Every structure is written in structure tokens, then in C-alpha cells.
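# Results of the structural survey
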Amino acid sequence: MTILSGAQLTVRLLERQGVRVVAGIPGGANLPIYDALSKSAQIRHVLARHEQGAGFIAQGMARVTGVPAVCMASSGPGATNLLTAIADAKLDSIPLVAITGQVPRGMIGTDAFQEVDTYGLTIPITKHNFLVDSAAELLEVMPNAFRIAASGRPGPVLIDIPKDVQTESIDVNAWPEPGAPDPAPPVDIALVQRAADLIEAAERPILYLGGGIMHAGASETASALAEKSSLPTVMTLMALGALPVDHPLSLGMLGMHGARCTNLALDECDLLIAVGARFDDRATGKVAAFCPHAKVIHIDIDSAELNKIKTAHVGIRGDAAAVLQELLPRVRGQDRDSWLARVAELKRMFPLVTPGIADPRTHYGLIRAVAENLDDEAIVTTDVGQHQMWVAQSYPLRRPRRWLTSGGLGTMGFGLPAAIGAALAEPDAAVVCFSGDGSILMNVQELATAAEEDVNIKVVLMNNNALGLVHQQQTLFYGKRIYASRFRAAPDFVRIAEGFGLRAVDLDTAENPKEVLHQALTTRGPCLIHAGIDVEDQVLPMVPPGAANIEMIGG
């Protein structure tokens, strides 16, 4: 028999779960947990400078490893500051366990100091949430939270623990097993055979990979299917790296900022094999005009996604890896010479245009120069905006789980803390974060965390002194009425980074930017790399909002 407080029990259960790094910020309502955490010899705490940063640090760890990561916050503003990172994890299906403090049970509902209804606020943005009513409940709640976060379609789970539950004593007679993912649902072989028959009969099929491929660890099986059945393959923003960008069958990213050849090939296909994709509007454009001639096979772990946006001729609920492993032996090898020749023709006629890619002082050239200094195992994170799309278009991603970006929520401020989390999860990896001047300021305080932890991250800051994608849309769709998208103040980001304790270089003043970039990228430790870009540079092609993908402009 062991007598523990609720806080000590929380920490012990995290240790038993295998958690070794936790990101968070202490406050009055979670101080008992932090006091217990201070005595843990197994868990390393990373002190973020904002709770949103803590949430994205945890996301960085989870996105790289595929297992739930943990963040912590106090009640009130601590919990509300965490909401954006939780919502981001929900939309991108990232396994996260967020643990928040709450006012004592007897004060709940009294408008006590720093009280908010964390449970109620997080119902729509979590996979599940708990308001713990006793220390004894923690024995069930903690492992259950990790099970839920990792099972089926991954997602965030919140545990809200009142302060008096943290200080309540409990006799622990037996320990629960750590939470583990539920078994995948059985695969319906009859549906798999129907899918194989459709692939067999198709003349112009395309394989459409989404983020579920990453969560299922199914990249290799998807590649094998593409190669065996000669399937040109497109990827959503979240699936980049599932198939190497230079693979002969790769058509890269589809959708709003995909290459013309990619969207035009989709328009001609007669069968779309969607795996782990949710038919997001940024990928499909106008849904009624997306793949108008194609039958649809849709494979997804979440049955709610089947027929939600696009009606499937064959809808298969199941783990992507398990379904593809059953599908692979049921399709015969095919050459599809005519279709592959047509796709190759589209690539020649309508390639992705990357002006200035040989010049490191341009946006595409800078991205290419960064890639030339890193290997395929480097982890790339981005913030959100033009730089995100330029990197998605042109960075040579060739491995799964090397690409971390905020897709569904599109959160500016994601990139830096996610890079910190990725570096904590894989300390020997090179981690580079591409950011913009608008995005970096959203969570710039995490530069202090990067310096304190001495993580091996490089922040490539593409600075056009504007909210670039807003500026672009105002230019293209709002009669060039530029409003609230240009910054009147121009911060000195090099001095800001140095003030936080980082090395920093400015490519704008470098005589040999390639050499300066090489030194910055290959010297271990955190560093900011500043590069000015032209505010008139645009992400092209672009599908106008509400238009069909074939109605791209530019590029």
C-alpha cells in the first residue's frame, strides 16, 4: 500500500506511461502537481514562456514520434491560453494529453479567482475531456486519456484537476496498466476486394494521400501500392513526405497552391483512391468540380469522414496500413503506359514554376539553399502563410514525419515551439523552422525556451514586413486595397534573437549568403537566420476562394 497525494499520483502515472518530457507553465491551481513533478527523477520539465507555446512544444514531440505528448497549464488564463494548441491538435489529429489545474471543487461555479469552465470550453476541441472529481479517479482517467488520444483517429484529450483533488491523499493498492491504443477495427475484406476491382478496371487512377497515412505509419505500403499498380500520387499538405517528392509517380501537393499539372491530372482521373484524407476545402477547391469524372475509393479510420464531403463508391473504415496491406496483394501489377504518358505530358506543359530558385536571396532560392545543407532526415517545421506554402511547394521532402505544419487550423506561431518539441524528441536531428515576420511574433517568446534548452533548431525568417498571404489576397481579390497587412514598424529580428540568447545572422548583409547559411545551419545550437524578401512575391498558382482547382491563377 502506498499513500500518495493526487498530485503525486498524477506524476507517478505519467512516469508509468513512459512520459519523459513535459512542457508547461506553473500557476496557483496546478502548483501541487509541479511540487510533485520537482521530485521526479524520470520526467524532464520544459518551461515554456506561454501556454500556447507549451501546447505546440508537445505537438512537436507528438508529431515526430507518433505517441501522445503532454503539456500542462494552470487554471483561468493558463487554460485559455492553451486552447489554440488543443484546437490545432484536434484538426490535425495529433495525440496530445493536456493537464490543467482547476480551482477547488467547492469553488467551481462561484467565479473564483482564475476560474474558467475549462471542461466546457474544451468539449468541442478535444477528442475527450475529463473533470476529475477525486484522486481515486486518476487511476482510471490518466491511462484512459492516453488510450483515447492514441486510438483510432488520434487527437487531444484534456484532464482538468481541481486543486483539492491534487492535495487529496489516497491509498494505492494496485496500479493500472499504462494506456495503450485500442486494436484497429477489422478490415472488411469484401470492400477491399471491391476496391481492388475498381483499381483493376480504372484507366486513369490517382492515389490521394492524406495525413492519416502518417498517423498509420503506412507510407511504405502506400508507395508499394503506387508502384505495383502504376498510380500517379498526390498528397495533401499534411501528407508531404509520404512519397518522396522526386519519386517518378509523385505529383506533389494538390489543391489551392498545388502545381497546375497536379490539379489538371486530378481533373482527368477516372478513379480517386483517397487514403487517410478528409477532402479538406484547401485540397479540393469547389467540391462539386473536384475529380468530376472519377469514382471514389475512400479509406479512413474515422467512419464519420466517409461520405461526409465526397460520396464514396467504396468506403472502407479501417487503419490505413492494415487496409493497404490487404489491398496490395489483391491488385495486379499494371503499366498504365498511356495514362503515365499523359501525366508526364501535363508535367512538361504545366510544371510548378519556381522563379529564382538558384538565387539564395529569393524565397524559392533560400528554401533550396537550406535543403542543400541538410539531409533527408532533417525535420522541417513551418509557421503559417506564404512561407509555409513556398516550402510545401519546393522543399524536397522524402521521409514521413519530417514535415510539421499547422494544416487544419492554420495557426501562426506554430513553427518555433513545434521545432523546439521536435528537437526535444530527436536531439540528434537537424531541425529547421521556416517562419515569417508576422508568424514569428505570435510566439517569439519561445526563443527564450530555445536558448534555455539549447535545442538544435534553426529559424529561417523570411521577412517581407507584411502579413504576406493577406497582402496577396488583397492584391488579387480586393482591388489592391491593402489594409492592415503592412507593418509600419520594422523590428530588428537579429537583435531580438540575440537578446534572447541565440546566435543570429542576416543574409541581407552577407557578402556570401550561401556560405553564411551553411555555417549557420551546420553549427549546433539554436540560431536565427534572417532574410528579407519582396512583399510583392506571391504564392502561385492559387485557386481563388470558392473556385474549382482547374481555375488556378498564375504559376
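Residues numbered from 1 in each chain as written. Predicted model: local features only at pLDDT ≥ 70, side-chain atom pairs only at ≥ 80, totals over all residues. Heavy atoms only, no water.

Now for the sheet that holds strand β20 (residues 527–532). The strand order β16-β15-β17-β18-β20-β19 describes an open sheet built from six strands, whose pairing is parallel. Each end of this open sheet is capped by a strand with a single partner; those strands are β16 (403–404) and β19 (503–506). Pairing of strand β15 (residues 379–382) with strand β17 (residues 431–436), which is carried by four bridges, proceeds in the parallel orientation. Each residue of the ladder has a partner; that of Thr381, found in β17, is Cys433. Against the sheet, helix α22 (residues 513–522) touches β18 (457–463), β19 and β20, its axis set at about 155° to β20. (Pairing = 2+ DSSP bridges. Helix = DSSP H or I, 4+ residues; strand = E, 2+ residues; numbered from the N terminus. Contact = heavy atoms within 4.5 Å. Axes fitted to C-alpha atoms, helices over the stretch in contact; angles between N-to-C directions.)

On to the sheet that holds strand β9 (residues 205–209), then. Overall, parallel pairing links the six strands, which are arranged β11-β10-β9-β12-β13-β14 in an open sheet. Among the strands making up the open sheet, the edge pair consists of β11 (250–253) and β14 (314–317). On average, each strand axis in the sheet is tilted by 15° relative to the strand beside it, whichever way the strands run. Pairing of β9 with strand β12 (residues 271–275) involves five bridges; the strand directions are parallel. By the bridge assignment, Pro205 is partnered in β12 with Leu271.

Residue position: Arg401 is located in the loop between α16 (386–394) and β16. With no salt bridge to any partner, buried Arg401 finds its closest opposite charge in Glu426, at an N-O distance of 8.4 Å. Engagement of the side chain of Arg401 in a polar contact is seen with the backbone oxygen of Arg63, the distance being 2.8 Å. Setting aside anything within four residues of it in sequence, one finds Arg401 in contact with Ala62, Arg63, Val64, Gly66, Met214 and His215. (Buried < 20%, exposed > 50% of the residue type's maximum accessible area, 1.4 Å probe, protein only. Lys, Arg positive; Asp, Glu negative; His and termini not counted. Salt bridge = Lys/Arg side-chain N within 4 Å of Asp/Glu carboxyl O. Polar contact = N/O pair within 3.5 Å; in protein donor to acceptor, adjacent residues only side chain to side chain.)

Each pair of packed helices can be summarised by the angle the axes make with each other and by the distance between the axes. Helix α6 (residues 135–150) packs onto helix α1 (residues 6–16) with a crossing angle of 25° between their chain directions and a minimal axis gap of 10 Å. As summarised for this structure, α1 and α6 are arranged roughly parallel, according to the angle between their axes. Classified by chirality, the crossing of α6 by α1 is right-handed. Where α1 abuts α6, its residues Gly6, Leu9, Thr10, Leu13 and Leu14 lie against Ala135, Leu138, Leu139, Met142 and Phe146. The residue inventory of the contact of α1 with α6, partitioned by class, reads eight nonpolar, two polar and no charged. (Parallel < 35°, antiparallel > 145°, perpendicular 65-115°, else oblique. Left-handed = near helix turned anticlockwise from the far one by under 90°. Nonpolar A, V, L, I, M, F, W, Y, C, P; charged D, E, K, R; others polar.)

Before going further, it helps to examine the nonpolar core. Ranked by size, the top nonpolar core spans 69 residues in total, and within it Tyr395 and Phe434 carry the most contacts. If sequence neighbours within four positions are ignored, Phe434 has contacts with Ile367, Val370, Val380, Thr381, Thr382, Asp383, His387, Val391, Tyr395, Val460 and Met462. (Core = buried A, V, L, I, M, F, W, Y, C linked by side-chain atoms within 4.5 Å.)

As enumerated under the stated definition, the model contains three cavities of 30 Å³ or more in all. Of the pockets and cavities examined, the largest cavity occupies roughly 140 Å³. Elements that contribute at least two residues to the lining of the largest cavity include exactly α9 (212–216) and β16. The volume enclosed by the second largest cavity comes to roughly 60 Å³. Per-class residue counts for the lining of the second largest cavity are six nonpolar, two polar and one charged. (1 Å grid on protein atoms, 1.4 Å probe; cavity = no way out; pocket = protein on both sides within 12 Å on 5 of 7 lines; lining within 4 Å. Points joined across faces, edges and corners; volume = space filled by probe spheres on them.)

The next subject is the layout of surface pockets. By volume, the second largest pocket is sized at about 470 Å³. Residue lining of the second largest pocket: 26 residues in total, with Val245, Leu251, Gly252, Leu352 and Gln393 positioned closest to the centre. For the lining of the second largest pocket, the elements supplying multiple residues, two or more each, are β11, α11 (260–268) and α16. Ranked by residues supplied to the lining of the second largest pocket, first place goes to β11 with four residues.

Looking now at helix α3 (residues 51–65). Note: α-helices contain 3.6 residues per turn, so residues at a spacing of three or four share the same orientation. Here α3 spans 21 Å end to end across 15 residues, near enough to the 21 Å set by a 1.5 Å rise per residue. Of all 15 residues that make up α3, 14 are buried, and the element is covered over most of its length. Trailing α3 by a residue or two, Gly66 shows a phi angle of about 85°, which is positive. (Expected span 1.5 Å × (residues − 1).)

Bringing the packing of aromatic side chains into the picture now. For the structure on display, the rule yields five aromatic pairs. For the ring pair Phe56 and Phe414, a centre distance of 5.2 Å and an interplane angle of 70° mean the geometry is edge-to-face. Linking Phe56 in helix α3 with Phe414 in the loop between β16 and α17 (415–425), this pair joins segments that are 358 residues apart in sequence. The residues Phe56 and Phe414 share a single accessibility class, namely buried. Aromatic side chains Tyr208 and Phe290 sit 6.1 Å apart centroid to centroid with 65° between the ring planes, which places their arrangement in the edge-to-face category. Of this pair, Tyr208 sits in strand β9 while Phe290 sits in the loop between α12 (281–284) and β13 (295–300), placing them 82 residues apart in sequence. For Phe290, a relative accessible area of 3% corresponds to the buried category. A connected cluster of aromatic rings, assembled from ring pairs, spans Tyr208, Phe279 and Phe290. (Phe/Tyr/Trp six-rings, centres within 6.5 Å; stacked < 30°, edge-to-face > 60°.)

With respect to the secondary-structure elements, Arg524 resides in the loop between α22 and β20. Between the C-alpha atoms of Arg524 and Arg398, which are 126 residues apart in sequence, the distance is 23 Å. Not counting chain neighbours up to four residues away, the residues in contact with Arg524 comprise Pro427, Asn456, Lys458 and Arg503.

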